[in-house]
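Read off the chains here:
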Amino acid sequence: MIPVLFGISFLTFLVMHLAPGDFLSTMALDPSVSQESIDAMRSRFGLDQHWTVQYALWLKNVMFHLDFGESFSLHQPVFNVLQTGLLNTFLLASSAAMITWVVAVPLGVVSAVRQYSWLDKVSSLIAFVGISIPEVFLALLLILFAAKTGWFPTGGIRGIDHDSLSVMGKGLDIAHHLVLPAIVLATVPLAGRMRQMRGNLLDVLRADYVTTARAKGLPERDVILKHALRNAINPLITLFGYTLATLLSGSFLVEVVMSWPGLGQMTLEALNSRDLYLMMGSVMMASTLLIVGNLVADILLALSDPRIQV
Amino acid sequence: MGRFNWLFLVVLACFFGCSGDRSETPPSPVTRQDPNPRPGGALVEEGLVGRYGGRYVSVIRVQPKTFNGMTANESSSSDFTSGPLAESLLKYNYSTQEYEPALAESYEVDSSGTVWRFHFREGLRWSDGAALTVDDFLFSMDLVYDEVLHPSVADLCKLNGQPFRVEKEGKRTLKITVPGTYGGFLDAITSVRIMPRHVLGDAYENGTFSSAYGIDTPPEDLVVCGPWMLSKFKPQERVVLKPNPYYFRFDQDGKRLPYLNELVYLVVPDQNAQLLKFQAGECDEIYFRAEDYAALKDGEKEGDYTVYDLGQEMATNFFWLNQNDRANPESGRPYVDPRKQKWFRDREFRIALAHCVDRQGIVDNVFYGIGEPLFGSIPPVNKKWHNPDVPKYRYDLDEARNILEHAGYIDRNGDGVREDKDGNRISLTLLIQPDNRERQGIASILIDDINKVGIEIKTAAVEFNTIITKLRETYDYDAILLGLTGGIPPSPYTGSNVYKSSGRTHLWNPEQPSPDTRWEAENDRLMDVILSSEDYETARKAFFKIQENLAQYQPAIYIVSRRGLIAVRNKFTGLNPSVMRPWVLWQSYRISHDPEKAAQELATRSG
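Source: prediction; values computed, not measured.

Caption draft 1: Structural view of helix α15 (residues 464–474) of chain B. Residue and element names in this part refer to chain B. Where burial is concerned, most of α15 is hidden: eight out of the eleven residues are buried. Within α15, the full set of buried residues consists of Asn465, Thr466, Ile467, Ile468, Thr469, Lys470, Leu471 and Arg472. Two residues or fewer past α15, tyrosine 475 is found with a positive phi of approximately 55°.

Okay, structure coming up:
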């Protein structure tokens, strides 16, 4: 895990420096700013040193002082800046993950059990559309829907009168704003998981032990939910960690289009303005979340599959 | 299963019950408690009457990075620190394009033109009630000239590298001595953000000034002197402002301004999402693109808003050829291929290109007709500085072909592409930004026409930062298509870096050790005249000549500028839309939420 983080941080730093220009490039085009001002700023931010020196300094601060540096544009410690964004992205990603699972697994099971029925055909259609539709398009489509019907807000995380609501009201307000972005984010993985669930279950249902269970006289419900499902769901649990990770990184686009104030928006801004330390902090956080997600998946797998010894 | 269905329906009902983000203004009191004393030197807005109450919601693409007016150096922050949160010695009036009294109720300059005096109003206060005095301005100038902080405004506040001398005279007079006559003095001095010494003096003493007034500052600690103060800031979500209870402007009836209860800025990064938010009624203004005009115009009645055509923008679109004929000191090789350099430096070649620009066609196709042809860096809307009598090379492909033939660029081998006198094929690459649809549209029309006259030209999309590096450091390009937004106020005083041959942003040939051409030398001289001029007439004449030279020699070929378009809800009065940012909110303190009166005004306007 630690070597992975090292590698990621090194690569990110390298790539940021390979790209031409730095935080002060845009300012250099401003005719009212003198070269001395820019040079003064450059040395203040430490951008005039060789990139390996900069990386070493950054690494030292992170490892020994847990100091991720300060954002150039915000003059704030990186961690403080990213906190709320991290929380918001995590909220969005977990809601999307929840939607994915709560919808994909039952739908997949029903599709497999009633194969080729109209329910199966409809869910297959939804799945194929879901996989093919571009996320940005879906996001804009849903915002248009919200704008025209007024049933949902067109973006953001809170309503304009959020602070005057009760605690319950505030929670519902955020949930209300969460619906559309979570749906957009969940669409692609949902489609994928549903098809996988269906496929896995169909395979499992052909296995000998299922026939045996039926022969033993177990109710169909137990056969499917207690025996077949637990085996079929194995690969999906592995994917759970991967799903969470992809949701976290895939949320960037949705966040920008639907004005969800998460890590994605901040990272994009940091990238556009070449805010080095903010960028590094953001990438590090996303990578850590990804690794944690995978760890969770491993643990879940160990729990659900008795063959795996921890 | 039945239970779950029921619960689900209940939760769903709660969702639809939440009204969400509609900008329905809650019923607000028409009177407002104003316990604070009216300053003796209060500024009365003549003829202005209005009602208290209401909220105005705007949208921004990017959140502010800091609320520190001295260290803010990009527009997302300075839109606030130099906008609703600020007042200066003088205020630039967008309609008249002149300076008006603000914190200073009057000012004068002596006969030598070097000593300026500003008389502060009596009774000025900061948003926390503390007195606002000349001492605060002296403190601000200390910050400006501080070598460590080195804010960008410092460069404007120096003449030939020498700072101004600022002193306090009597109780309320600020005396500034400039080392020579300086045409850009008013522009410079009104760019200085006045900082409260009683709040930030300590931070300056112990070196923490640059992180003071950051975005994590509690709103009550953010002491300002503008019409608004910070009420709430939710990072990445919104900025909420409330009236400054000690503001010095009053209306005709003695009501302290601003009228509105709240000014809200929602952070919406995506342009399309902004448009949909406006159409959903969740914000009250939107500055939009030409392509959205038809949709917004149709919805005027239903959405109860008005679309304003603001006129030609100051932002320009243009392209230029690389005229840097120097050599890279490290490799010894010239930056630009000498064969190409011969064409780029040939005035006839550039004039021919200028004739290939189908400005009206570009306006019609890329900007849906909502734009104007542009022939120089100063558009006609800039009444004070635009020179209308400069040579203009209109769209004429035959004329372009003629000029090229006469200049020796002839297609000798019949392959459709001209060669120069030495037999080299005329072929070049135009760099454009990949993420700007309008500029891509301009480029495709442009190169189509240029190819028609026998010059082979292609485009290459290059990221913006790379373009900047190329034009400032590596100089390895043929031609670049770019655009620049104008500064506010749109005067030439801040343009040394562009107009002077030694300038950093003298785009086609920056940082020349000595002027390359006779006309560039002349422009350098004229720029010095402008900076040291005592009066506007002298500066204007000099700037007119600069524009004439630039038009004559076409180092940069100007294309079009779009017309500004904004849609604003009808329930507000006191609007004075201008083509310069922030279009409507530049006089936010005059806006009043008054649907009946607004409807009357609308009826008389359209009736």
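So that's the structure; there's more coming.
Caption draft 2: Just unusual backbone geometry, in detail. Residue and element names in this part refer to chain B. Proline 258 follows leucine 257 through a cis peptide bond whose omega is -5°. Looking at the element boundaries, proline 258 is found in the loop between β13 (249–250) and β14 (262–267). Geometrically, the link from arginine 581 to proline 582 is a cis peptide bond, its omega value of -5° lying close to zero. Within the fold, proline 582 resides in the loop between β24 (572–573) and β25 (592–593). A positive phi angle, near 40°, is found at histidine 150, a position not held by glycine. Position of histidine 150 among the secondary structure elements: in the loop between α3 (134–145) and α4 (153–156). Judged by its relative accessible area of 8%, histidine 150 is buried. Within the chain, tyrosine 213 stands out as a residue other than glycine whose phi angle is a positive 55°. One can find tyrosine 213 in the loop between α6 (197–205) and β11 (228–234). For tyrosine 213, a relative accessible area of 5% puts it in the buried group.

Caption draft 3: Fine view of the packing of helix α6 (residues 118–132) of chain A against helix α8 (residues 167–205) of chain A. Residue and element names in this part refer to chain A. In the contact formed by α6 and α8, the axes pass within 8 Å of each other and the chain directions differ by 135°. Compared by their axis directions, α6 and α8 come out oblique. Where α6 crosses over α8, the handedness of that crossing is left-handed. Contact with α6, carried on its side by Asp120, Ser123, Ser124, Ala127, Phe128, Gly130 and Ile131, involves Thr187, Val188, Ala191, Gly192, Met194, Arg195 and Arg198 of α8 and no other residues of that element. When grouped by side-chain class, the residues that make up the contact of α6 with α8 number six nonpolar, five polar and three charged.

Calculation notes
- Here the residue index of a chain counts from 1 through its sequence in written order.
- Note on labels: chains are lettered from A, ligands numbered from 1, in written order.
- Given that this is a predicted model, residues contribute local features only at a pLDDT of at least 70 and side-chain atom pairs are listed and counted only at 80 or more, while totals for whole chains, interfaces and linings are drawn from all residues.
- Side-chain calculation: all heavy atoms of the structure are included, whereas hydrogens and water are not.
- A 1.4 Å probe rolled over the protein chains alone gives each residue an accessible area, and that area as a share of the maximum for its type sets the label: buried under 20%, exposed over 50%, partly exposed in between.
- Counting from the N terminus, the helices are the DSSP runs of H or I reaching at least four residues and the strands are the DSSP runs of E reaching at least two.
- To obtain each axis, a line is fitted to C-alpha atoms, and for helices this fit is confined to the stretch in contact; angles are then taken between N-to-C directions over 0 to 180 degrees.
- For classification, angles of less than 35 degrees are called roughly parallel, those exceeding 145 degrees roughly antiparallel, those between 65 and 115 degrees roughly perpendicular, and all remaining angles oblique.
- Note: crossing handedness is left-handed where the near helix turns anticlockwise from the far helix by less than a right angle, and right-handed where it turns clockwise.
- Residue contacts follow a heavy-atom distance rule, with two residues in contact if any of their heavy atoms lie within 4.5 Å.
- Any residue that is not Ala, Val, Leu, Ile, Met, Phe, Trp, Tyr, Cys, Pro, Asp, Glu, Lys or Arg is counted as polar, Gly included; the first ten are nonpolar and the last four charged.

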